[in-house]
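Residue strings, one per chain:
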Amino acid sequence: MPGLHGKVIGRCSFKWLVLGIAAVTVTLNEFVIYAAQSWRWPVIPRRLSKDTLHILLVADPQIQGFQDEAALLGYITRWDSDRYLATNFRLAYSYTRADVIIFLGDLIDEGSKCSDQEYEWNYRRFKSIFHSAAKHIYVTGDNDVGGEGSERKSPQKVQRFQKYFGPPVAVHKVGFLDIIKPSYDLGEQYKGEKQQAIENMTEELSTRFRLLVNHHTFINRHDGTRNPVLDKLKPHFIVTAHDHKGYWYTCKDCQKQARWPIKPLTNLQGFLHFNLKDPQVLDEVAVPTCSYRMGVPHMAYGVIILDKSGNLDYTVLWLPSRFKMLMVYGIVLGTLVALWLLRTSYFACVKYPKLRR
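Computed from a predicted structure; not experimentally measured.

(A) Inspection of the pattern of salt bridges at higher detail. Under the definition given, this model contains twelve salt bridges. Here Glu30 ties to Arg322 by a salt bridge, and the two come within 3.0 Å at their closest N and O atoms. Separated by 292 residues along the polypeptide, Glu30 in helix H1 (residues 2–38) and Arg322 in helix H8 (residues 322–351) bring together distant segments of the chain. Between Lys308 and Asp51 there is a salt bridge, and its shortest N-O distance comes to 3.8 Å. Of this pair, Lys308 sits in the loop between strand E12 (300–307) and strand E13 (311–318) while Asp51 is found in the loop between H1 and strand E1 (52–58), placing the two residues 257 residues apart along the sequence. Looking at Lys308, the relative accessible area reads 33%, which means it is partly exposed.

Encoded structure:
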């Protein structure tokens, strides 16, 4: 009986050890790491008046669809990706107290090719992930309406995007700021319907400052397609996405040079400061993706703080690496399996001494 009693205690102890390790691992990976990463974000200045705008920038969320994910495994991968996006978004929105949230295109990974029913499902997931009381502004990306690779852009795709997310080309007024969405693709020419749409936008521009938001870069493109748009819209600052990494472009008198140096922002920790009243300088920042599924090691949300005097501060809120978390799960699982095998072998040798020979 004493031997049996010891075996029972040993089995219970091992079971509680496994449950304890699993509980600690899940708690750290699914709760603590997200909160701990947010403690490292730059301090957002306290809003002293209504003359300051807080803008949260969401780049390339590309929520995963139903066609490119494995049939059964897709339920898990979509759930995990959605939860990662939602958890970080909730923390970022709460931290910044954003007045406006701008989604910089590539909202749905299969938005350009999925069926209408799949689009509806994806849209519902998107709204549940990025739920907030702030004003939302949506920019088109190539994954949403086509325009890159073999997926051609078409009026039908644009109309479907507009049905769910509003007009691709528009001017949104927020206090003293005009937020301009030209939906201007790489290689697109300033002519025809696009030229007319941009010229119509100029009639809506009336506030003190103009923020141009686009999925593809503006400054780092051929001047023949860039300059006519900049001449018409005259933005004070540009925000883009697409490359999944953070960049900063600055041009002084953009008309005189086609290409300008690129400054990577992979290690940005504090704020970049800009004066929108300087007419000789135009800056553009490219915001990193917020999704860990985009194949880059650094994910983030962008933040703009703009006051009525034209002082603009830009920073990024770096996000934890989900792949490192998943790696921890694999290591813990492998360790527990190894312990179980060792324990099983030990008790087998105790019960059957001949096995030790």
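(B) Region of the structure containing the sheet that holds strand E7 (residues 237–240). If you trace the seven strands from one edge of the open sheet to the other, you get E4-E5-E6-E7-E11-E8-E9, paired in mixed fashion. In this open sheet, the two edge strands, each paired with only one partner strand, are strand E4 (170–174) and strand E9 (262–264). Within this sheet the neighbouring strands show an average axis-to-axis angle of 20°, counted without direction.

(C) Local environment of the packing of aromatic side chains. By the definition in use, this model includes 23 aromatic pairs. Between Trp41 and Tyr95, the ring centres sit 5.3 Å apart and the planes meet at 75°, which makes this aromatic pair edge-to-face. Of this pair, Trp41 sits in the loop between H1 and E1 while Tyr95 is found in helix H2 (residues 73–96), placing the two residues 54 residues apart along the sequence. Ring geometry for Phe161 against Phe165: centres 5.1 Å apart, planes inclined by 35°, an arrangement best described as tilted. Pair noted here: Phe161 and Phe165 are both in helix H5 (residues 155–165), with a separation of four residues, about one helical turn. Taken individually, Phe161 and Phe165 each receive the classification buried, so the pair is uniform in this respect. One aromatic cluster in this structure is built from Phe89, Tyr93, Phe103, Tyr119, Tyr123, Phe126, Phe130, Tyr138, Phe161, Tyr164, Phe165 and Tyr301.

(D) Spatial organisation of helix H6 (residues 192–202). Buried within H6 are the following residues: Lys194, Ile198 and Met201. Along the long axis of H6, the arc covered by the buried residues comes to 55°, so they all point the same way. More than 90 degrees from the buried face of H6, the exposed residues found are Gly192 and Glu193.

(E) Layout of the pairing of strand E5 (residues 177–181). Within E5, five of the five residues are buried, leaving the element largely enclosed by the surrounding structure. Every second residue of E5 is oriented toward a common face, with Leu177, Ile179 and Lys181 on one face and Asp178 and Ile180 on the other, all of them buried. Pairing geometry for E4 and E5, over five bridges, is antiparallel. Each bridged residue has a counterpart across the sheet, and for Ala170 the counterpart in E5 is Lys181. What sits between the antiparallel neighbours E4 and E5 is a turn of two residues, in which Gly175 has the positive phi angle 60°.

(F) Representation of empty space enclosed by the protein. Evaluation of the coordinates by the stated rule reveals one cavity of 30 Å³ or more. Computed from the structure, the largest cavity encloses a volume of approximately 30 Å³. What lines the largest cavity is simply Ile55, Leu177, Arg210, Leu211, Phe237, Leu276, Ile304, Leu306 and Leu312. Looking at the lining of the largest cavity, the elements that each hand over two or more residues are strand E6 (209–213) and E12. A breakdown of the residues in the lining of the largest cavity according to their chemical character gives eight nonpolar, no polar and one charged.

Rules of the game
In this numbering scheme, every chain counts its residues from 1 along its sequence in written order. Given that this is a predicted model, residues contribute local features only at a pLDDT of at least 70 and side-chain atom pairs are listed and counted only at 80 or more, while totals for whole chains, interfaces and linings are drawn from all residues. To get the side-chain values, all heavy atoms of the structure are used, and hydrogens and water are removed first. Note on definitions: salt bridges are taken to be side-chain nitrogens of Lys or Arg within 4 Å of carboxyl oxygens of Asp or Glu. Strands here are runs of E lasting at least two residues and helices are runs of H or I lasting at least four, both read from the DSSP assignment and numbered beginning at the N terminus. Exposure classes here rest on a 1.4 Å probe applied to the protein chains alone. A residue is buried below 20% of its type maximum, exposed above 50%, and partly exposed in between. Two strands are counted as paired when DSSP detects at least two bridges linking them. The angle between two axes is taken between their N-to-C directions and runs from 0 to 180 degrees, where each axis is a line fitted to C-alpha atoms and a helix contributes only its stretch in contact. By convention, a stacked pair of Phe, Tyr or Trp rings (six-membered ring in the case of Trp) has centres within 6.5 Å and planes under 30 degrees apart, an edge-to-face pair has planes over 60 apart, and any other such pair is tilted. Here the arc refers to the directions that run from the helix axis out to each C-beta atom. Cavity means a closed set of points on a 1 Å grid over the protein atoms alone, one where a 1.4 Å probe fits but cannot get out, pocket means an open set with protein on both sides within 12 Å along at least 5 of 7 lines, and lining means a residue has an atom within 4 Å of a point. Grid points are joined across faces, edges and corners, and a volume is the space filled by probe spheres set on the points. In the scheme used here, Gly and all other residues not listed as nonpolar or charged are polar, with Ala, Val, Leu, Ile, Met, Phe, Trp, Tyr, Cys and Pro taken as nonpolar and Asp, Glu, Lys and Arg as charged.

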